[in-house]
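The chain contents come next:
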Amino acid sequence: MNPRVVALPLRLTLLVLLLALPAGAKEVVKLAFIGPLTGGNSAIGLGGRNSADLAVKLRNADPAARYQYELVVLDDECKPDTGVQVATKAAADRSIIAGVTHYCSVVAMATVDTFHRLALPTVVWGAVLPDITYSHSYKEIHRVNGTMVNQNETAARLMLKQGYRRWVVIHDTTDYGKGHNKYFTQFVTAGGGQILGTFGVTADQQDFTAELTQAKALNPEVIFFGGLTPIGVRIRAQMDKLGVNAQFQGTSGIVSDDFIKGLGPLAEGVVAFREGAPAEKLPGGKFFLEKYAEQKYSNPPEAYGPFAFAAASLLMDTIEKVGPDRKKVLAALGEVKGKDSIVGAITFDDHGQNTVAAITAYVVQDGKWLVWEDSEYAAGKRRLKGR
Amino acid sequence: MDLLAQYVMNGVMLGLMYALVALGFTLFFGVLNVIQFAHGDVLTAGAFAGLAGYAVAVHAGVEAALPQLLTVALAATLSMALLGAVLGRALVLPLKGAPALNVLLATLMGGTALRECIRLFYPGGSQPQRFPALLPSASWSLGRFTVRLDNLLMLATGVGLILGLSLVLQRTRLGLAIRAVAQDEETARTMGIDFRRVVLLTFAVGSALAAFAGVMNGLYYNEVNFGSGLLLGVIGFSAAVLGGLGNLSGALLGGFLFAGLQTLGAVAMPFASAYKDVFAFGMVILLLAWRPTGLIGERLGERV
């Protein structure tokens, strides 16, 4: 049969369908969400995805919105190679106007060039490595959450205030661990503290007895650990085995329930710091949590959900203002100052980094991570090691 | 001095674990000339089986540490002995006529499957699990040297186990059969030795040793995770090769030597402990270049 004969009725049908659409139908605008949806960090990734999804649903329910939004969800598996693949996929798709991207720092770092090359405006929702925004001058990369620079500044200040002066640093040799070592050392020595020794360890190391025996001989008041939960658990447990009686201080990488589950009573009194604040303590936290609960997602928003929500909302606000055009969105994002959001006012510096970033201190009390200010340790009822 | 004692103590504990793993590799290689690369993951599975045994014991209302410990040890060793025999039957024996490389690949993949199963199916298996401290935790300090009773107990049990294994091999009919198969399979068969039975029993014994090392690893670090056995397997294998594959004393020597090299790497290179594995494995390469058949070659020692 002549293909034209087939094509004609098809075209007619399409025409009829188009005409049948309601007159007020909105143009569909696509946003990408990228995060770790499978693997060890999937809990945080799914929380971020749900939160971005919530922002889109709320916007679509708003009759005043000019566009209908669609969230394209992609899984980076917390792996740089997968991350680059999905980033390319999202950025090469011209119907996607902007992206809410990445929780894992290594992945966010790996995709920076891709987004720049393919000119996709992105807002990072969870990765904390400073270099993601500061190692280049690409206009495409922005970030709503704070970085480990802010985190370690707060950490150094709070621990110095407790009267600690002598630290031993153990950090994993990934960018994450090395970054923490660099910034913590910088801030704590500037504040009058002393680093007695620094040990780099591999991210899957099992035995730390050699490092800890050396650390013990240096007699520090605090062991600072820059790294993630699995080896954090091991180091804290082996400190006890070797009789290293120092305060244990960690970074955002250990603020997880698994850290407490892995250690039991040994977790008591461990101090750590994290960018952002618990959802209920954020300016728009109550609103966010209520709306989130209404959707009955099967996973909680986790620590970075509010940031994914804020990033998606910021992008949609910008698109509402300038239209679904990557270049215009990019220009408008460059001028974001004091923009209201559920995580507080957002102001991007010339590197696209949000400069007003909340940092929260945590301490383990009775098997739970408590915000420092709410704990019995801050109130003076319990004491950190050596205080 | 006290610091040196502490390093030696740490190194000895590590060395014992490595030696137990290396013994398994050497046993398997002895009887069948194969390399069973799932061995490290069998160790992990043993630790998790012990952990499951502990959960069952607690659930059943057993509260005293000793019966709990026995449950853990039995659950781990028996289930892994069985798993070892199954692996031998399913992955190794069918490939007996094939190039040794095929067995290596088959077991490597079997091990990966086992590891992923633990991660996926053990509750919370992708995160580190707390291993209960079931041994008395008394400790004595001398300056900066701390020695713990639980470490001494583990050390004594481990050494006892190794001595027991060597007695079984030297003094019992089973040991005789294993040695006969190791020496010459054909002749052993004609002498009426049930070849398959001996091979499967060897796999069971070697895997039970790995399970014991897994439990010991758990008790020592109070933590296990699905990846524990990966590096331990590689190190145990290196130790067995370093000592001379197929030689029991070689496996022991290799295990303790590797632990010594690692500790030396961490201590002798100040503030560069991230490179201790680079140092230890680098030294193994050098030593193998010097003695390609291992430190105690098959000529010198009696083959298993």
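Residues numbered from 1 in each chain as written. Chains lettered and ligands numbered in written order. Predicted model: local features only at pLDDT ≥ 70, side-chain atom pairs only at ≥ 80, totals over all residues.

J.: Just checking my understanding: could you explain the overall build of chain A for this structure?
T.: Within chain A, the regular secondary structure consists of 13 helices and 12 strands. For chain A, whose C-alpha radius of gyration is 24 Å, the value lies close to the compact-globule estimate of 21 Å for 387 residues. Projected onto its principal axes, the C-alpha positions of chain A cover 85 × 40 × 40 Å. Expressed as a percentage of the 387 residues in chain A, the buried residues total 53%. Counted over contacts in chain A with a minimum sequence separation of 6, partners at least 24 positions apart contribute 70%. (Helix = DSSP H or I, 4+ residues; strand = E, 2+ residues; numbered from the N terminus. Rg over C-alpha atoms; globule rule 2.2 N^0.38 Å. Buried ≥ 20, exposed ≤ 12 C-beta atoms within 10 Å, placed from the backbone. Contact = placed C-beta atoms within 7 Å.)

J.: Explain the overall build of chain B to me, please; I cannot follow it from the model alone.
T.: When helices and strands are counted, chain B shows 11 helices and four strands. Scaling as 2.2 N^0.38, a compact globule of 304 residues should have a C-alpha radius of gyration of about 19 Å, and chain B matches this with 19 Å. With respect to the principal axes defined by its C-alpha atoms, chain B has extents near 60 × 50 × 35 Å. A burial count over chain B gives 51% of its 304 residues as buried. Restricting the contact set of chain B to residue pairs at least 6 apart, pairs at least 24 apart contribute 74%.

J.: Can you walk me through the packing of helix H1 (residues 2-32) of chain B against helix H8 (residues 195-221) of chain B in this structure?
T.: The axes of two packed helices give the description: the angle between them and the distance between them. Residues and elements named next belong to chain B. Close contact between H1 and H8 brings their axes to 9 Å; oriented N to C, the two are set at 170 degrees. Classified by the angle between their axes, H1 and H8 sit roughly antiparallel to one another. As for how H1 packs across H8, the hand of that crossing is left-handed. Looking at the contact of H1 with H8 residue by residue, the class counts come to 19 nonpolar, five polar and no charged. (Axes fitted to C-alpha atoms, helices over the stretch in contact; angles between N-to-C directions. Parallel < 35°, antiparallel > 145°, perpendicular 65-115°, else oblique. Left-handed = near helix turned anticlockwise from the far one by under 90°. Nonpolar A, V, L, I, M, F, W, Y, C, P; charged D, E, K, R; others polar.)

J.: Honestly, the nonpolar core in this entry has me stumped. Any pointers?
T.: All names here are of chain A. Ranked by internal contacts, the top residues of the largest apolar core, which has 207 residues, are Leu 31, Ile 223, Ala 311 and Ala 312. Split by domain, the residues of this core number at least three in each of domain 1 (25-146 + 279-356) and domain 2 (149-275 + 361-374). Once you skip the residues sitting within four places of it in the chain, Leu 31 turns out to touch Val 56, Tyr 69, Leu 71, Val 72, Ile 96, Ile 97, Ala 98, Gly 99, Val 100, Ala 312 and Leu 315. (Core = buried A, V, L, I, M, F, W, Y, C linked by C-beta atoms within 7 Å. Domains from an automatic or database assignment.)

J.: I keep staring at the packing of helix H5 (residues 149-171) of chain B against H8(B) and nothing clicks. Help me out?
T.: All names here are of chain B. Taken N-terminus to C-terminus, the directions of H5 and H8 make an angle of 170 degrees; their axes are 11 Å apart at the nearest point. Put simply, H5 runs roughly antiparallel to H8. In contact with Asp 150, Met 154, Gly 158 and Leu 161 of H5, H8 contributes Phe 212, Met 216, Leu 219 and Tyr 220. By residue class, the composition of the contact of H5 with H8 is six nonpolar, one polar and one charged.

J.: So what exactly am I meant to see when it comes to the interface of chain A and chain B here?
T.: Where interface size is given, it is often the accessible area lost as the parts come together that is meant. Each partner contributes residues to the interface: chain A has 31 residues there, and chain B has 29 residues. For the side of chain A that touches chain B, the secondary structure elements donating two or more residues are strand E7 (194-201), helix H8 (209-218), helix H9 (229-241) and helix H10 (257-263) of chain A. Of the residues belonging to the side of chain A that touches chain B, the class tally is nine nonpolar, 14 polar and eight charged.

J.: Even after reading the chapter, I still don't get the domain arrangement of chain A, so can you show me in this structure?
T.: All names here are of chain A. Taken domain by domain, chain A comprises domain 1 (25-146 + 279-356) and domain 2 (149-275 + 361-374). Across the contact, nine residues belong to domain 1 and 10 residues belong to domain 2. Here the side of domain 1 that touches domain 2 is composed, by residue class, of six nonpolar, three polar and no charged.

J.: Honestly, the sheet that holds strand E6 (residues 166-172) of chain A in this entry has me stumped. Any pointers?
T.: All names here are of chain A. Spatial ordering of the open sheet is given by E7-E6-E8-E9-E10-E11-E12, a layout of seven strands whose pairing is mixed. Every interior strand has two partners, whereas the edge strands, E7 and strand E12 (368-371), have only one. Strand-to-strand twist across the sheet, computed as the mean angle between neighbouring axes with direction ignored, equals 25 degrees. Pairing of E6 with E7, which is carried by seven bridges, proceeds in the parallel orientation. Paired with Arg 166 across the strands is Gln 194, a residue of E7. The strands touched by helix H6 (residues 148-161) are strand E8 (222-226), strand E9 (247-250), strand E10 (271-275) and strand E11 (359-365); relative to E10, the strand with the most contacts, the crossing angle is about 145 degrees. Sheet strands touched by H8: E6, E7 and E8. Its angle to E7, the strand with the most contacts, is close to 175 degrees. (Pairing = 2+ DSSP bridges.)

J.: Please clarify how the confidence of the model for chain B should be interpreted in this entry.
T.: In low-pLDDT segments, the atomic positions of the prediction should not be examined closely. All names here are of chain B. When pLDDT is averaged across chain B, the result is 90; 96% of the residues are at 70 or more. Mean pLDDT in chain B bottoms out at strand E2 (residues 139-142), which sits at 85, and peaks at helix H2 (residues 39-59), which reaches 95. In the predicted assembly, ipTM is 0.81 and pTM is 0.77. (pLDDT = per-residue confidence, 0-100.)

J.: What should I look at first to understand the pairing of E2(B) in this one?
T.: All names here are of chain B. Across four bridges, E2 lies against strand E3 (residues 145-148) in antiparallel orientation. Of the residues in E3, the one forming a bridge with Leu 142 is Phe 145. Linking two consecutive strands that pair antiparallel, namely E2 and E3, is a turn of two residues; a positive phi of about 65 degrees is found at Gly 143 within it.

J.: Honestly, unusual backbone geometry in this entry has me stumped. Any pointers?
T.: Negative phi is the rule for most residues except glycine; trans is the rule for most peptide bonds. One non-glycine residue, Ala119(A), lies in positive phi territory at about 55 degrees. Position of Ala119(A) relative to the elements: it lies in the loop between helix H4 (105-117) and strand E4 (122-124).

J.: Quick question: what am I supposed to make of the environment of Ala332(A) here?
T.: Residue and element names in this part refer to chain A. When you line up the elements, Ala 332 lands in helix H13 (residues 326-333). C-alpha separation for the pair Ala 332 and Lys 321, spaced 11 residues apart in sequence, amounts to 8.7 Å. Beyond its immediate sequence surroundings of up to four residues, Ala 332 is in contact with Thr 318, Lys 321 and Val 322.

J.: Sorry, what's going on with the sheet that holds strand E1 (residues 27-35) of chain A here?
T.: Hydrogen bonds between backbone atoms are what pair the strands of a sheet, whose relative direction is either parallel or antiparallel. Residues and elements named next belong to chain A. The five strands lie next to each other as E2-E1-E3-E4-E5, forming an open sheet whose pairing is parallel. This sheet does not close on itself; its edge strands, each paired only once, are strand E2 (67-75) and strand E5 (141-143). Each neighbouring strand pair of the sheet contributes to a mean axis angle of 25 degrees, computed without reference to strand direction.

J.: Could you clarify how one ought to interpret H8(A) in this entry?
T.: Every α-helical turn comprises 3.6 residues, leaving residues that sit three or four positions apart pointing alike. All names here are of chain A. Burial analysis of H8 places eight of its 10 residues in the buried class, which makes it a mostly covered element. Along H8, the positions that sit buried rather than exposed are Thr 209, Ala 210, Glu 211, Leu 212, Thr 213, Gln 214, Ala 215 and Lys 216. The first or second residue beyond H8 is Asn 219, which carries a positive phi of 55 degrees.

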